[in-house]
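Notes for the structure review
Residues per chain are reported as follows:
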Amino acid sequence: DIMIHGNHGGVKWSDQPTEAQLRKLRHYYAANMAMIDERIGAVLASLERKGLLEDTIIVFTSDHGDTLGDHYQVQKWTMFDSVMRVPTIAWAPGRLPGGVRCRELIQQMDLVPMMFELAGVELDDAREAMNAGQVCAGKAAGRDAVFAEHGRCNMLPNVEHMAMVRTHEWKLVAYAGEDFGELYDLRNDPQEVKNLWSEPACQAVRRALSQRLEVHAARA
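This structure is a prediction, so every number in the text was calculated from the model and none was measured.

This part is about the overall build of the chain. A tally of helices and strands in the chain yields five helices and six strands. Taken from the N to the C terminus, the helices and strands of the chain come in the order α-β-α-β-α-α-β-β-β-β-α. Seen through its C-alpha atoms, the chain measures out along the principal axes to roughly 60 × 45 × 30 Å. Put simply, the chain has 220 residues, and 31% of those count as buried. Considering only residue pairs separated by 6 or more positions, the chain has 45% of its internal contacts joining residues 24 or more positions apart. Of the side chains in the chain, 24 bear a positive and 31 a negative charge, and the two mean positions are spaced by 3 Å.

Put into structure tokens, the structure is as follows:
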């Protein structure tokens, strides 16, 4: 198993990773995070030297999470929470409450109205986006469901299109033109281990969430 140029995704992978593989994968990923943290620190130090730090809004996020060996997978390309719960940190002295961890459901587009408000700039049309800052401050409720989709790519050559809807309690993943899918009871199975897609007792939930996906796709 070889690591290529410090890229955690360069680990030769297998369907049954060993503990040594997992440790190597996560050690290199941790090194990547330490490097990023150091460079962000350099940016903040520069802002502080110039007297701009207290008048700066910082939002650190990414385009996806990473499985890092969860579900015997590496990188992204799935709808598991380790991928879909995207790391996000927002910092604005005197304008955002410090030390708050928001457990509400939001989507990344909800960060835009927050940033406009923090900057004191009027946003003419937020469209479907809500203000994530208001949600995290407890002044507004979060979403009752969030959505994601992924089309065919060189990493998913056999998947034409997959779409996800996630509530606080359930997650459904549908694959276009296929009879199979994924359904997880997040209250009793937060690690998303037991797929209930074909479970007779869960068919009403499956139908309801599938309908929500259809409505969302029609609105998009």
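To continue, consider the layout of surface pockets. In this structure, the largest pocket spans a volume of roughly 1500 Å³. Contributing to the lining of the largest pocket are 44 residues, with Arg85, Val86, Pro87, Thr88 and Ile106 lying nearest its centre. For the lining of the largest pocket, the elements supplying multiple residues, two or more each, are helix H2 (81–84), strand S2 (88–91), helix H3 (111–118), helix H4 (132–136), strand S3 (146–151) and strand S4 (161–166). If you tally residues by element for the lining of the largest pocket, the top one is S3, at five residues. Taken together, the residues of the lining of the largest pocket break down into 26 nonpolar, nine polar and nine charged.

Disulfide: a covalent bond connecting the sulfur atoms of a pair of cysteines. In total, this model carries zero disulfides according to the counting rule given. Sulfur of cysteine 136: no disulfide; nearest cysteine sulfur belongs to cysteine 102 and is 3.5 Å away.

In terms of nonpolar packing, the biggest core is built from 12 residues, these being Ala145, Phe147, Ala163, Val165, Trp170, Leu172, Leu183, Leu196, Trp197, Cys202, Leu209 and Leu213. Elements represented by at least two residues in this core include exactly S4, strand S5 (170–175) and helix H5 (203–219). Each residue touching valine 165, except ones within four places of it in the same chain, is listed here: Ala145, Val146, Phe147, Trp170, Lys171, Leu172, Leu209 and Leu213. Val146, Leu156, Val159 and Tyr175 belong to the second-largest nonpolar core, a separate cluster that totals 10 residues.

Relative to the assigned elements, glutamine 203 resides in helix H5. Among the polar contacts listed, one links the side chain of glutamine 203 to the side chain of arginine 206, at a separation of 3.3 Å. The contact partners of glutamine 203, leaving out residues within four places of it in the chain, are Leu196, Trp197 and Ser198.

What follows covers the environment of arginine 212. Relative to the assigned elements, arginine 212 resides in helix H5. The spatial distance from the C-alpha of arginine 212 to the C-alpha of alanine 145 is 9.1 Å, given a sequence separation of 67 residues. Setting aside residues no more than four positions away along its own chain, arginine 212 makes contact with Asp144, Ala145 and Phe147. At 3.4 Å, the side chain of arginine 212 and the side chain of aspartate 144 are in polar contact.

Any pair of aromatic rings gets described here by the distance separating the centres and the angle formed by the planes. All chains considered together, the criterion is met by two aromatic pairs. Aromatic pair phenylalanine 80 and tyrosine 184: ring centres 6.0 Å apart, planes at 50°, arrangement tilted. Within this pair, whereas phenylalanine 80 is found in the loop between strand S1 (58–61) and H2, its partner tyrosine 184 is found in strand S6 (residues 181–185), the two being separated by 104 residues in sequence. The exposure classification of phenylalanine 80 matches that of tyrosine 184, with both residues buried. Here the aromatic rings of tyrosine 175 and phenylalanine 180 are separated by 5.3 Å at their centres, their planes lie at 50°, and the arrangement is tilted. Residue classification places tyrosine 175 among the buried positions, given a relative accessible area of 16%. Geometry around tryptophan 77 places lysine 76 over its ring, the cationic atom sitting 4.7 Å from the centre. Above the ring of tryptophan 197, the side-chain terminus of arginine 206 is found at 3.9 Å from the ring centroid.

Calculation rules
- Residues numbered from 1 in each chain as written.
- Predicted model: local features only at pLDDT ≥ 70, side-chain atom pairs only at ≥ 80, totals over all residues.
- Heavy atoms only, no water.
- Helix = DSSP H or I, 4+ residues; strand = E, 2+ residues; numbered from the N terminus.
- Buried < 20%, exposed > 50% of the residue type's maximum accessible area, 1.4 Å probe, protein only.
- Contact = heavy atoms within 4.5 Å.
- Lys, Arg positive; Asp, Glu negative; His and termini not counted.
- Charge placed at Lys NZ, Arg CZ, Asp CG, Glu CD.
- 1 Å grid on protein atoms, 1.4 Å probe; cavity = no way out; pocket = protein on both sides within 12 Å on 5 of 7 lines; lining within 4 Å.
- Points joined across faces, edges and corners; volume = space filled by probe spheres on them.
- Nonpolar A, V, L, I, M, F, W, Y, C, P; charged D, E, K, R; others polar.
- Disulfide = S-S within 2.5 Å.
- Core = buried A, V, L, I, M, F, W, Y, C linked by side-chain atoms within 4.5 Å.
- Polar contact = N/O pair within 3.5 Å; in protein donor to acceptor, adjacent residues only side chain to side chain.
- Phe/Tyr/Trp six-rings, centres within 6.5 Å; stacked < 30°, edge-to-face > 60°.
- Lys NZ or Arg CZ within 6 Å of the ring centre and 35° of its normal.

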